[in-house]
Every structure is written in structure tokens, then in C-alpha cells.
Amino acid sequence: MGTFKELWNQKSYEYSALKIKESINDWNSEQRRKIALVKWVWELIQNACDKLEDKKDISINIEYDDERLVFKHNGGHFKNEEILALISAGSTKPFDQINKEDEKTGKFGKGFLVSHVVSPKVKIEGQLEKKPFRIYIDRSGDKEEISKNISECIDKLDKNEMLESTSSEWTTYTYEEINRDSYEGINRLKKLIPFIFSFRPEISSIKINDEEFSIKERKCESYEEKTLEFIYLNNDDTILTFKNDKDNTTISVLLNDKDKKIRVLENNVPKIFKKEPLIGTSGFTFPIIINGNFETDSDRLNLSRPTDDKQKIVGALELIYPLWNYLKDKYTNCYYLFKFSKVEEDTNRAFWNIVVKELVEDWINKPIIKIDDDPKKPKEIFLPRIQIPSETQNFKNTEEVYLKKINEILKIMYHAEPILNDDILLVWYNIIKNWKELGIKEICEEKDISSITEYIHRYDDLKSLNETFSKSEEETLNVLIKIFELLNKYKNDFNTTPTNFKLGIYLNQNGDFCGPEDICIDNNV
């Protein structure tokens, strides 16, 4: 029987091993594995940044092939308690700091466990209190084998064996016998690297195999008493971050300076960050990324108390309109900033849908739709609407055709009203359609085939219609022809006769409008 100290150490190792095994099994469960495959790389990045004390310009290198993955950073050396936390899956993080802005968000040991979705075996090399070290962590076995590995790693550190090191500034994690599904995390990382440079200013470059991402220049300017930060990248893209100086919450967009367009974010990337992305917000169809010091759940997957953070969130979203105002004459697709839709899958969807609805209700009364360089409010515009039989399938293929045909007619009938140009018609039609799904009913003036034919039906003859259109008789006849062509297309496409066919919109030989039952085809008339 050993000493009490030896027994205590044994039980401590066994307890740590049990927690490690439970956590690895949890992250590999059917429910959580999909998250872990994306999250692991962010945990390693966060650990690299959390160790920073005297270095503010770090590089991250990721090298991988079919056999192994190497994650390296030069963010600083380990402290003794940090390497112990990594080995035992404990935590060295303070939770009661007075200054919350300086609070370290990661947990070295607990967060590191997610990376075992790559492999349960990892070699760690670097500096421990400025002395070279190397340990081998193996969590492929049962809890007894894991406990033994903890003991071996600590024994190795206790012996303080000096190692020769040619790259002492680097901390390196080498994963062997890798799970290639985990490379999905790297694919997602690539899509968000530009935003890392904004939210993690201590990182200056990230290299993934032979592809390098780095910063060429940073600069700031003031706009409407707020701060705009521009980060110019080595691929000629620019990250633009707009900051709410009251609470340091920001929104960011990625700009393509060559094409003068805002880059469109993919739906499967997280839209809410707390320096690193909250993976649980990947289902949001937001056009911007929000970063702030939010309250999150224990795994930092999502907001834990969004109502407590509402003021920060609303403050960030209110930056979108001034951001649009700043960009509208510089980039061609600034309408993208208003492309918000109903949140369907998030656990906090009720909260988000209320916040987004309130935001959109404010936008309806702002001049955000550019028509021939003249911004109009959504509530002022005339927009085509399409009535489709409920049983219709695959209508999207012809939707744009109908929109443009109706819009062409509207431009003539309502020539004094703001009508969308064809190049932005489909975009704004879809944006407003998404807004309506939030429960907002009266957004703009909508016109469909029925309203067009009912409008014509109000007139007795061609002459009175000419006077309203302020067009020649030939031009008015061309409009009527377009309406009949549209009605016939609708009849053929959907195998149904619109009720509008029965209205008095048919011209007889005297130029009077009649119903279809009053029109006859005569020879030589």
C-alpha cells in the first residue's frame, strides 16, 4: 500500500480520466459530433490567444494531409498551471474578474478536449516557463489507460528533461491517426478567417498548407460619431467593421474591392461571435456578423441569456442603416445589408424574430431602395406580386419572368410612382417576401394581375385610359396587348383561367371596353 499522497494522486488521476472519457464520448455522440467537427479548430485558436501576455502579433499555421494534422502558433509559452489543465482537462481560467472586457474566454483543458474529434492522440511541443518540453497525450483507451497517460505526462514534466529546440517560439500540436471528417472545421475556418483579424487583432496571419491569409494594413475613421475600421487583406478583400463605441459591440462585412461588392455570407457560417464564432448561430441568414461580449452557454455555442444582451444586440443591428448610408455610393449591392429573414432553427428564435421584426419595421420608413440613384422608402414603392395556384410546383423557374412582365406594365401604368428597375427587382422582391414572413403586413404597394385588370376595368374607353397614362393611343394599346399576353401565359402555365378574363377590359371596334361575352369577331370590321 502506498502513501496517502500517492493514493491521493492516483484518485485525482482517475477522476480526471473519468471526466476526460465522458467528455470525449459526449463530443462524439450523434447529437454533438457535428458541432465538434467544426468547433475544434476554434478551441485551438482561442487557447493560442488566451496565452498571450507579452506578444501581440501572432501567426497560426495549419498543415494537414491524409495522415496527420499539425496546428502551430507563436502566441507564447505555457505556464505550469496551463499545461496541467491541458493534461488533466481542468481549467485555469478566472471567472470573477472585475474587468469583464479582459476576461479570458477559454478553458485550456476543457476546450482542448473537443480537438480529440481530430484524433485521441496528440504530441504537444513548445515552451514551458521558457524551457522546451514535449509530451504525448493519448486518450484512445479506457479510463485506466487515460489515467496512466496523465501520470506519465506529469512525470515527464517533473523530470524537467531539457530538449533541443530549433523553433522555440512555436507551440505545436501534432495529431496522428486522424479523422478526416474533422477537416470540415478547416473548411469552415477559411470562410471566416477575415473576421478573425477583426475580432482577434492580436492575430496577424493564418497559413493553411500553402494558402496564406494576412493583413496588409489597418486604418480607422470616424463616421456619424462612430468608428469604422478597415482591414486590408493580402487577397485584396477588405473587412469593414462598424463599432458601437458605447459597449464595443460591432458588425462586420467583407468587401470585394475589385468588383465593388459586398461579399455574400454563406448560410452555414455562424453570424454571432464572442471573439470566436458561436457555432449554434450557423443557421442565421444574416448578411452581417455581430461580435460582442455576450453571455454564452458553457460550451460557447450560443447566447445563454439573449434578453439580457438585447440592448447590445439592438445597438449593433442599428448600425446597419448608417453602414448602408456609408457604402451605398461605393458598392453596387448594398441592398444585401437588408437581407434578413425569419430565424427558424435557433433555440432563441422567438427572441431573434422579435428583434429582427422591430428592425425591419424601422427600415420600412427609411429611404433604403435606390431607384435611379434616388433612394426611396419601401412603403413608397410599387412592387409586382404574383398569385400562384397552391398546387403549383417548380414555379421558381418562371418567377422572375412573371415579375419582369408585371413590372414592365407597372412602369407604364404608374409612371409617376417609384417602380423598381429590373436589375434590383428580384433581389428586393425576395427581401420583402422574407420580411413578410416575420409577420409584417404592409410594407409596400403591391400590384398583381388582378389589380392591373381591375385598374383597366375602371375606365369606359380607350380615350379616357390614354389621358390617365399620358400616352399615345398606340402606346396604350401596346400596354393592353402586354396584359393579354400575360393573362394567356398564366392560363397556359397553370392550366387555369384567371377570373380577370371576365372583366370588361376588351376593346370593341369603337374603342369601348367590354366584357368577353360582349365581344364578337366580325369580318371586315
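Residues numbered from 1 in each chain as written. Predicted model: local features only at pLDDT ≥ 70, side-chain atom pairs only at ≥ 80, totals over all residues. Heavy atoms only, no water.

Looking now at the packing of helix α13 (residues 462-469) against helix α14 (residues 473-494). Where α13 meets α14, the closest approach of the two axes is 9 Å, and the angle between their N-to-C directions is 100°. Between α13 and α14, the interaxial angle falls into the category roughly perpendicular. Residues L462, L465, N466 and F469 of α13 lie in contact with α14, whose contacting residues are E473, T476, L477, V479 and L480. For the contact of α13 with α14, the per-class residue count stands at six nonpolar, two polar and one charged. (Axes fitted to C-alpha atoms, helices over the stretch in contact; angles between N-to-C directions. Helix = DSSP H or I, 4+ residues; strand = E, 2+ residues; numbered from the N terminus. Parallel < 35°, antiparallel > 145°, perpendicular 65-115°, else oblique. Contact = heavy atoms within 4.5 Å. Nonpolar A, V, L, I, M, F, W, Y, C, P; charged D, E, K, R; others polar.)

The next subject is the pattern of salt bridges. For the structure shown, the criterion picks out 33 salt bridges. The partner of R218 in a salt bridge is E229, and the shortest N-O contact between them spans 3.2 Å. In this pair, R218 is assigned in strand β7 (residues 211-223) and E229 in strand β8 (residues 226-233), connecting sequence segments 11 residues apart. Residue classification places R218 among the partly exposed residues on the basis of a relative accessible area of 30%. Residue classification places E229 among the buried residues on the basis of a relative accessible area of 18%. Between K411 and D422 there is a salt bridge, with its nearest N and O atoms 3.9 Å apart. Taken together, the residues K411 in helix α10 (residues 396-413) and D422 in helix α11 (residues 422-436) connect sequence positions 11 residues apart. Taking relative accessible area as the criterion, K411 reaches 33% and is therefore assigned partly exposed. (Salt bridge = Lys/Arg side-chain N within 4 Å of Asp/Glu carboxyl O. Buried < 20%, exposed > 50% of the residue type's maximum accessible area, 1.4 Å probe, protein only.)

As a further point, take the confidence of the model for the chain. When pLDDT is averaged across the chain, the result is 88; 91% of the residues are at 70 or more. The element-level mean pLDDT for the chain is lowest in helix α4 (residues 108-112), coming to 81, with strand β14 (residues 289-291) highest at 97. Every residue in residues 91-106 is under pLDDT 50, and counting partners more than four places away or in other chains gives 30 contacts. (pLDDT = per-residue confidence, 0-100.)

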